[in-house]
Structures are given as structure tokens and as C-alpha cells.
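Remarks on the overall topology
Residue-level listing of the chains:
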Amino acid sequence: MRKFFDFILKPFGAQLPFFLTLWILASMADLLGWIKNGDYIFAAYLALHGYVICYLCTLICGLFKENSTALKVYKILLLVLGIINLIADTFCYNVCQNGFTNSTVALILDTNMEEATGMLDMYMTHSVICPVVIGVALVILILLIRNLIVKMARFWLRCVMLIALLLVSVTTIVRKSGNYNGVFLCKVGLFLSYDRPKDLDVFRTEPELIIESHQPAAVVLIIGEALAKNHCSLYGYEKQTQPLLEAMRDSSSLLVYNNVQSAVQWTVPSFITLMTEARADDVNGSEWRNMTFLMDLMKSAGYKSYWLTNQPLKGLVDNAVSKFAFLADSVYCSRGENKVDYYDDFVLPVIAGIKDSLEKQFFVIHQMGSHEHFKDRSPQEFRRFTASDYQEYATHSFSLSKRETISGQVTGLDEKLQTLADYDNSILFNDYVVTSIMHSFDDTEAVVFYFPDHGMDIFVTDETYAGHSRENVPESMALGKEIPFVVYMTQKYLELNADKVSLFKQNVNTDFCTEDMIYTLTDVAGATIAGNDNVNDYSLIRK
């Protein structure tokens, strides 16, 4: 019995400095993050579960020969995981306003390298770096006083261990939660269990369609990126960010919809709802793979499909967007092996080269749009807005001498105003690209849809934040769903589809969600799905 107690108390002897170091790396961000969010019980829950896991990890040290290479490798591995955990958790709490979840794993693994670089540049602020620095400083302090810590251990840490184990049990009962995803090392399990997107060819079907009406020669879907509706002059924004679309608004060809929402606030899940019959609640599982694909519907309707993208088709693993892209008959990506960066107007000569009036064509055009790294989204000749155009955004809480965190940079007033200018310039350039795409189909019968995958929170919920929606901030999450939505119809389309044109015009103020685009596009292609009333129930031109 004596040997047993000596063994289980080893983490509180010579290994105590290592145990405390690991616990700080594993739990400090969780503790501070959930206290900041006001959930003190869950903060204690995660910290104390981290305590037990770190105890068990330290206990395993006793199985190795003292000072052996194997022991050193084991400790280094745990410390590296602990440092990664601290950085990841700090990022989640300060940027997403939430802990580490399944969505975090999907975001990391589904994000291509360019997006990842842009997001790190935007969000790696002092609010993220400082907790990491503090954690490292505490670790260094522990190492400096490790001999004193070991001497103190024998007198009181046995009681601390028992109390901690008791508190773990109590917090679990009070919390009544089976969610251990935020606990140290359980996150590794989230990565290992992540359901990586498989090639979708094996899930393809041949849906039976009923062709009910005239089919236009071309159906075009332009999907922008990270576009805030409240920065669109089409919707009343005071800066003229969309002069070309505004000039078209009074024509019968362009319709501006007022009450459209994205199904979700992030790119990959948004695309899942666009490219399948999946609803927002289906995106975190794998059932959407067994649902009908948009590309299969358009193929059954007799359309040849084209996917044109200015975003890399690779993430740390192939993401769902790339899998959908390769369902198209032809794929054109601006970012090939030469690693050359292109602006969104790269598609214009591509469209001119593949457009064919002799066959029915369906185009999906995925833009870089207004993605993070706003200043890189427009060429020099479209950088018309400057920081001096935004002096009305200067508030009492900003001054040239005060440093703040602005859109992922340690900045002050000047940088905030420049961020606004960069973002609006990206929209101004996108206005040119979108209208050019629309006009490139003027010589054929075509209908063009344009909207972004999600919205953005640009200094609305926090004057120091510009980026994706922040979880646990309801207004920010709402902004992530609010999107602009326009439909352009060529003259030939207007002449040959009077009934549908009338319905398009009737519904500009109708509530609509982009998860129903699959039914709208099927409807526009002149078809309904046999044995399925969803086109009749959900299409934008059936409401």
C-alpha cells in the first residue's frame, strides 16, 4: 500500500514543476476565457478536468526510467501540445468569443493556406499574444523556483489533490454536461475524429426531374466572399462602394433583394447549404453527402457546369468547397502551380473563352471578394478610398496617441480608418468585377445571381473589431447572416421568360435564406424534382 501511495503522489514530488507547467498551458486560457464570458462554473469545470488530465499525464512519467531519453521525449511532446493548446484556446476566446469546438477543427482543416495567412495577420493581436506571453512567463517562473516548489510539495499538496478531485466531481454534477471537447488532450481527439470530406463522386445521383418550363441558355451563380451588407451603397451605405450596380438599379434588368440571409456565417458550411439540399442544422454532420447535389440537378436538367474560382482549392486537407468544385464538368482556378496571385477579374477572359450559345451552361464563380487582408483584394487603380474619407468614424475612445486592437492589428485611429478604406476599396473593385461578369452575358439569354457566402462584422459590435462573426455575440452573429443579394437578367431572358421575371420582381422584399438556392436554381432551369415538392415550396420565384 505504501508503494502505491508513493507512486500516485509522484506528480506532487520531483515532477511537480512539470505538472504545474503542463496545467498552466492546458487550462489558463480556458479559465480566463470562460470567466470573461461569465460562465464561472464551466471555467472551473474545464480547469479542474485539466488538472486531473495533467496529473495523469505526469503520473505516467513514473513509468519511465529517470532521466531517460524516452522520458525527455514524452515531456517535450506534452509541452508542445500544451503550448499549441494555449495558443489555440486564446485565439478562440479572443476572436470567436467561444471555446474550442468541432467548428474550430473544421475551420483549421478546411481553410486554405492563403485564407489562413490572412486570418492570422488580421487576428494575431496583443489580446491573443499577451495571454500566451503571460503563460510562458509563469512557466519560466516555475522553472526558476522548481526546487522551492518541490520542497513545499510534501506538506500540503496531498490535500490539494483530494480537494481538486472532489471539485471535479461537484462541477460535473452541477454543470450536468457530457461535453469534454474543451478539456486538454480531448481536443486531439476532435482532430483525429474529424470527418474529412471524401470525394463526392461516390455520392452522386441522377435525380429525376420534370422539365416544366423554358430553360435559359445560361444560369450564373456568383458567390462573393465576406461582404458586409451595411457597407454596400446599394443598401444605403453613405460611401459609394457600388456605383456600377447602383447605375443599373433603375433598369428592368437588375433586381435588389432586401431580406436575404445566409444560412450560416462561415464559408465551408455556407457552401454545403448552397450545393446540397442540406439545411443549416445539417452542416456539422456527414448526412449532407447523402442529399441531392446542385451539380447533379443541373446536369439532369441538361446543363454543362463550370466552376471558376479565385480561391485555392486546397486546405490542410481538401475542403468541402474543393470537393464541390470538382463535381463540375470543368474547373478553372486562378491559383495553380505557379503560385501567382490574381484578382477576381481573372474570370473575365475565361468566361469569354468558354461561353457557348449552342449549349445550356451553368456557371459557379467563387470570388476572393472582401476576404481578410482587405488591402490585397483590389488593384491600385481601385484604391480610391483613403483614411481621410472616414474621419466621422473617429470617436472619443480613439486618439492618435492611444493604441488599440483593430481588425487583427495592434493599431490606433489611423489604422482603423485605413482598414475601413481597404475594405470599401475591395467592394468597389468587386462592383466592377460583378457588373463585368453580368455584361459578359448580355449577348445571350442568361440570369445571374450575386451574393456573398456570409456577411461581416466591420466595427459594428466592437469599435476595435473587424472580421467574421463572433460567437456568443448575438448582434455579431446576426451581421454574419445579413447579406446583399441581386439578380441580373439579360434582355433576351426578359423577353423569353415574362412569367418568371414577374415573379422575380414580386419577391424583392420576401424573406429568403440561401439554403433554398438549390431549389431556386432548379426552378430557373425550368425543372422540378420528381416526387419532391421543395421547388414549389422554397424557390424564390414560387413564394
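All of the points below concern the structure found in this document. (Residues numbered from 1 in each chain as written. Predicted model: local features only at pLDDT ≥ 70, side-chain atom pairs only at ≥ 80, totals over all residues. Heavy atoms only, no water.)

Concerning the side chain of lysine 416
- Examined against the element boundaries, lysine 416 turns out to sit in helix α15 (residues 413-439).
- Buried and unpaired, lysine 416 has glutamate 463 as its nearest opposite-charge partner, separated by 4.5 Å.
- A distance of 3.5 Å separates the side chain of lysine 416 from the backbone oxygen of glutamate 463, its partner in a polar contact. (Helix = DSSP H or I, 4+ residues; strand = E, 2+ residues; numbered from the N terminus. Buried < 20%, exposed > 50% of the residue type's maximum accessible area, 1.4 Å probe, protein only. Lys, Arg positive; Asp, Glu negative; His and termini not counted. Salt bridge = Lys/Arg side-chain N within 4 Å of Asp/Glu carboxyl O. Polar contact = N/O pair within 3.5 Å; in protein donor to acceptor, adjacent residues only side chain to side chain.)

Details of the environment of aspartate 462
- Its location among the elements puts aspartate 462 in the loop between β11 (457-458) and β12 (466-467).
- Taking the relative accessible area as the measure of exposure, aspartate 462 reaches 26% and is therefore partly exposed.
- Along the backbone, aspartate 462 and serine 476 are 14 residues apart, and their C-alpha atoms lie at a distance of 9.0 Å.
- There is a polar contact of 2.7 Å between the side chain of aspartate 462 and the side chain of threonine 464.

Quick word on the packing of aromatic side chains
- Enumeration according to the criterion identifies 22 aromatic pairs in this entry.
- The interplanar angle of 45° and the centroid separation of 5.5 Å between the aromatic rings of tryptophan 288 and phenylalanine 324 together place this pair among those described as tilted. Of the two residues, tryptophan 288 sits in the loop between α11 (267-275) and α12 (294-300) while phenylalanine 324 sits in helix α13 (residues 320-325), which places them 36 residues apart along the sequence.
- On the basis of relative accessible area, tryptophan 288 is assigned to the buried category, the value being 3%. (Phe/Tyr/Trp six-rings, centres within 6.5 Å; stacked < 30°, edge-to-face > 60°.)

A few points about helix α18 (residues 498-506)
- All of the buried residues along α18 are Lys500, Val501 and Phe504. Here the buried residues of α18 occupy an arc of 105° about the axis, which is enough to place them on one side. Facing away from the buried surface of α18 by more than 90 degrees, the exposed residues are Asp499 and Gln506.
- On its buried side, α18 packs onto β3 (254-257), β10 (446-452), β13 (485-489), α17 (491-496) and α19 (517-524). (Arc of directions from axis to C-beta. Contact = heavy atoms within 4.5 Å.)

Some points on unusual backbone geometry
- The backbone phi angle of asparagine 67 is positive, close to 65°, even though this residue is not glycine.
- Along the chain, the position of asparagine 67 falls in the loop between α3 (40-60) and α4 (69-96).
- The exposure class of asparagine 67 is exposed, given its relative accessible area of 61%.
- Its identity as a non-glycine residue notwithstanding, alanine 226 has a phi of 55°, on the positive side.

Re the nonpolar core
- If you look at the biggest cluster of nonpolar residues, it comprises 57 residues, and the most contacted ones within it are Leu221, Met275, Trp307, Phe362, Phe449, Phe485 and Phe504.
- Excluding anything up to four places from it in sequence, phenylalanine 362 contacts Val219, Leu221, Leu294, Met295, Met298, Tyr303, Lys304, Ser305, Tyr306 and Leu521. (Core = buried A, V, L, I, M, F, W, Y, C linked by side-chain atoms within 4.5 Å.)

Digging into a nonpolar patch on the surface
- On the surface, Leu31, Ile35 and Tyr40 cluster together into a nonpolar patch covering about 290 Å² of accessible area.
- Inspection of the secondary structure assignment puts isoleucine 35 in helix α2 (residues 16-36).
- Overall, the relative accessible area of 36% leaves isoleucine 35 in the partly exposed class. (Patch = residues over 30% accessible without salt bridge, like charges linked within 9 Å, V, L, I, M, F, W, Y side chains within 5 Å. Areas by Shrake-Rupley, 256 points an atom, 1.4 Å probe, with all protein chains shown as cover.)

Quick word on the packing of α2 against α3
- Where α2 contacts α3, the two axes come as close as 8 Å, and the packing angle between them is 165°. Relative to α3, the element α2 lies roughly antiparallel. Crossing geometry of α2 relative to α3 is assigned as right-handed. Residue-level inspection shows Phe18, Phe19, Leu22, Trp23, Ala26, Ser27, Asp30, Leu31, Trp34 and Ile35 of α2 in contact with α3, the latter providing Tyr40, Phe42, Ala43, Leu46, Ala47, Gly50, Tyr51, Cys54, Tyr55, Cys57 and Thr58.
- Among the residues making up the contact of α2 with α3, the classes are represented as 17 nonpolar, three polar and one charged. (Axes fitted to C-alpha atoms, helices over the stretch in contact; angles between N-to-C directions. Parallel < 35°, antiparallel > 145°, perpendicular 65-115°, else oblique. Left-handed = near helix turned anticlockwise from the far one by under 90°. Nonpolar A, V, L, I, M, F, W, Y, C, P; charged D, E, K, R; others polar.)

Some thoughts on the environment of valine 350
- With respect to the helices and strands, the residue valine 350 is situated in helix α14 (residues 347-354).
- For valine 350, a relative accessible area of 18% gives the class buried.
- When the C-alpha positions of valine 350 and serine 334 are compared, they lie 10.0 Å apart, and in sequence the two are 16 residues distant.
- Not counting residues up to four positions away in its chain, the partners in contact with valine 350 are Leu308 and Tyr332.

Let's talk about the pairing of β10
- Counting buried residues along β10, seven of its seven residues qualify, which places the element largely inside the surrounding structure.
- The alternating pattern of β10 places Ala446, Val448, Tyr450 and Pro452 on one face and Val447, Phe449 and Phe451 on the opposite face, and all of these are buried.
- In this sheet, β10 lies alongside strand β2 (residues 218-224) in parallel orientation, the contact comprising seven bridges. Residue pairing for β10: isoleucine 223 is matched across the bridge by phenylalanine 451.
- As paired strands, β10 and β13 are joined by four bridges and run antiparallel to one another. Counted as the bridge partner of valine 448 is tyrosine 488 from β13. (Pairing = 2+ DSSP bridges.)

A short note on the sheet that holds strand β7 (residues 361-366)
- With mixed pairing, the seven strands of this open sheet are ordered in space as β3-β13-β10-β2-β7-β5-β6. Two strands close off the open sheet at either side, each with one partner strand: β3 and β6 (330-333). Ignoring strand direction, the axes of neighbouring strands in this sheet form an average angle of 15°.
- Against the sheet, α11 contacts β2, β5 (304-309), β7 and β10, and its axis sits at roughly 160° relative to β2.

Looking at the packing of α14 against α15
- As a packed pair, α14 and α15 sit with axes 10 Å apart at the nearest point and diverge in direction by 5°. As the angle between them shows, α14 and α15 are arranged roughly parallel. Residues Val347, Leu348 and Ile351 of α14 touch α15, and the partners they reach there are Tyr432, Val433, Ser436 and Ile437.

Quick notes on α11
- Most of α11 sits inside the fold, with eight of its nine residues counted as buried.
- If you check which residues of α11 are buried, you get Thr267, Val268, Ser270, Phe271, Ile272, Thr273, Leu274 and Met275.

Describing the side chain of histidine 366
- Mapped onto the elements of the fold, histidine 366 is located in strand β7.
- Residue classification places histidine 366 among the buried positions, given a relative accessible area of 3%.
- Setting aside residues up to four positions removed in sequence, histidine 366 forms contacts with Ile223, Glu225, Thr267, Phe271, Trp307, Leu308, Thr309, Asn310, Gln311 and Val321.

Some details on the pattern of salt bridges
- In the structure shown here, the tally under the stated rule is seven salt bridges.
- The salt bridge involving glutamate 515 is made with arginine 279; its shortest N-O contact spans 3.4 Å. Residue glutamate 515 is found in the loop between β14 (512-513) and α19, and its partner arginine 279 is found in the loop between α11 and α12; the two are separated by 236 residues along the sequence.
- Looking at arginine 279, the relative accessible area reads 24%, which means it is partly exposed.

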